[in-house]
Amino acid sequence: MKYQSLRGMKGILPEETPLWQIIEKTCDKNFQRFNYHEIRTPVLEMSDLFTRAVGGNTDIVSKEMYSFVDRGNRKVTLRPEATAAVVRACLQHNLISKDKLTKLFYFGPMFRYERPQAGRYRQFHQVGIETFGSASPAVDAETILLAVKIFRDLGLSDLEVDINSVGCNKCRPNFTQNLKHYLKGSIVKMCEDCHKRYQHNTMRVLDCKKPKCQHIIEEAPSTVDFLCDECRVDFESLLYILKNLGINFKVNKRLVRGLDYYTKTTYEIVSNVLGAQNAVCGGGRYDKLVSDLGGPEVPAVGFAIGLERLVEILKTTKALSSKPQAITLYFAPLGDKAKISAIEYLHKARQAGISADMDYFGKKLKAQLKNADRLGALYALILGDDELSRNTVILRDMISSSQTELSFEEALKKIK
RNA sequence: GCGGCCUUGGUGUAGAGGUAACACAACAGAUUGUGGUUCUGUCAUCAGGGGUUCGAUUCCCCUAGGCCGCCCCA
């Protein structure tokens, strides 16, 4: 094979697209009900945007970005996530302001240069939402509810919702200090990665899954134990609202997400059928991001759903077969003259709103009917010299195998 | 970025150091203009490159890609 798609990049083939369409429709429906509006941003942005928003020490920025210098000598990056780009667009076009709720959703490809494996691709797709303008935990709850609702509508109810609070600028430094203090004695016994985390992003040490680090972390303080009054109250009311809404969730004190911009609420929705890459949805609050990017102090919450993973879950648990759509009518012309007429008839049928196709190969009638059958056509229209001279067509009902000779107009009426 | 396994026709598989088997799909045919059954035929030089060998698709190396784990995340 001379050419193949780039590593970690796979297309979505016709066999799978119906499933994607089901997901997209389900999302659209719910977004509309929750009053979210679509935004589409470019896939390419200035590299600085992501470095600033996501954080220079995060894995995404330090080793996973698709960056290059363009012909105008600009450092650009294929977006590794959408939030930064959405915030940029909102600031550029003045879409957000304090005390006004702006609710946006997006859908599209993201790019991360990682080692591919099941459920992890270098180009992958996310649907997500961003809500700007409110610091109320009720909005956090709404976003979680929306995600859960989408999964439920797709027939998935056994997903696990993990929630945590990582605090805000006021209480996080306090926590970090405490954590550093706690780790000071044992850090030498921990892994190399943890040493780095200890220096640059101490909180992320909590995320380490290595056994030798695990048992040190187990006893470590958690963010929730150091929340300031505001963060604690917000976190508690979020949990309260979720309980009231009947959403099953688990407080996971070790859930520390890998993007620097999160404050207060962080959450993840995981599935047990995905293997190592088990998160289908990740989200949280980011109250400082808008101002960090040069905008006003506007709080925000959002989530992103990984579509490849969602498709994978649907395929394994629901066995949602995605059948190709069938057509209604198939034309079987016999001979060149008939072919010319068939093209006209075909056009008329389509204008009348009927999904129709025809044989362009000049195949034998047998082969044409076989094709009609395979395409799932309800009717075949046979058009030979005899019918042509009589100005009629043969309408064959592919299900009952009965057929009649009649004018094309009559045939159309019957089909409709 | 690290480690392990893997790569045969459109798909799923078999195979041995001496020049590829099976199933499904596809296409064609089984006398004249009729489908979903049956029968017959056609369809690969074994990811790419290099090496060992009288000879490799089967052995070795490199590259690319896939899968699994780590890391991280969606």
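Quick caveat: nothing in here was measured; it's all calculated off a predicted structure. (Residues numbered from 1 in each chain as written. Chains lettered and ligands numbered in written order. Predicted model: local features only at pLDDT ≥ 70, side-chain atom pairs only at ≥ 80, totals over all residues. Heavy atoms only, no water.)

Participant: Would you mind going over helix α13 (residues 365–374) in detail, with residue names and values included?
Facilitator: Residues of α13 that are buried: Q368, L369 and A372. When α13 is viewed along its axis, its buried side chains cluster within an angular range of 95° and face the same direction. In α13, the exposed positions that point more than 90 degrees away from the buried face belong to K366, K370, D373 and R374. Directly after α13, the chain includes G376, whose backbone phi takes a positive value near 75°. (Buried < 20%, exposed > 50% of the residue type's maximum accessible area, 1.4 Å probe, protein only. Helix = DSSP H or I, 4+ residues; strand = E, 2+ residues; numbered from the N terminus. Arc of directions from axis to C-beta.)

Participant: Residues and numbers for the nonpolar core, please.
Facilitator: Core analysis: the largest hydrophobic core is formed by 45 residues, its most contacted members being F151, I163, I269 and L310. The element contributing the most residues to this core is helix α5 (residues 137–153), with 7 residues. Among all residues touching L310, those that are not within four sequence positions of it are I23, F151, L154, L156, V280 and I305. If you look at the next biggest cluster of nonpolar residues, it comprises 30 residues, including I39, F50, V61 and Y106. (Core = buried A, V, L, I, M, F, W, Y, C linked by side-chain atoms within 4.5 Å. Contact = heavy atoms within 4.5 Å.)

Participant: Describe the protein's contact with RNA strand B, listing the residues and the values that go with them.
Facilitator: Taken together, 52 residues sit near RNA strand B, with R197, R257, G258, A279 and S401 positioned nearest. Here the atoms of RNA strand B within 4 Å of the protein split so that 53% fall in sugar or phosphate, with bases taking the remainder. Between V280 and RNA strand B, the recorded distance is 2.9 Å, taken from a backbone N or O atom to a sugar or linking oxygen. Note that a phosphate oxygen of RNA strand B is positioned 2.6 Å from one of the side-chain N or O atoms of R374. When residues of the surface near RNA strand B are traced back to their parent elements, those giving at least two are α3 (59–63), β6 (123–132), β10 (279–285), β11 (300–306), α13, α14 (385–390) and β15 (393–397). Counting residues per element, the surface near RNA strand B draws most heavily on α13, which supplies 6 residues. (Near = heavy atom within 4 Å. Polar contact = N/O pair within 3.5 Å; in protein donor to acceptor, adjacent residues only side chain to side chain.)

Participant: Before we move on, could you go through the sheet that holds strand β2 (residues 44–46) and cite the residues and values that matter?
Facilitator: Strand-to-strand pairing in sheets goes through backbone hydrogen bonds, with the strands running parallel or antiparallel. Overall, antiparallel pairing links the 3 strands, which are arranged β2-β4-β3 in an open sheet. Every interior strand has two partners, whereas the edge strands, β2 and β3 (66–69), have only one. Recorded for the sheet is a direction-independent mean angle of 35° between the axes of neighbouring strands. For β2 and strand β4 (residues 75–78), the ladder comprises 3 bridges, and the chain directions are antiparallel. Paired with L44 across the strands is L78, a residue of β4. (Pairing = 2+ DSSP bridges. Axes fitted to C-alpha atoms, helices over the stretch in contact; angles between N-to-C directions.)

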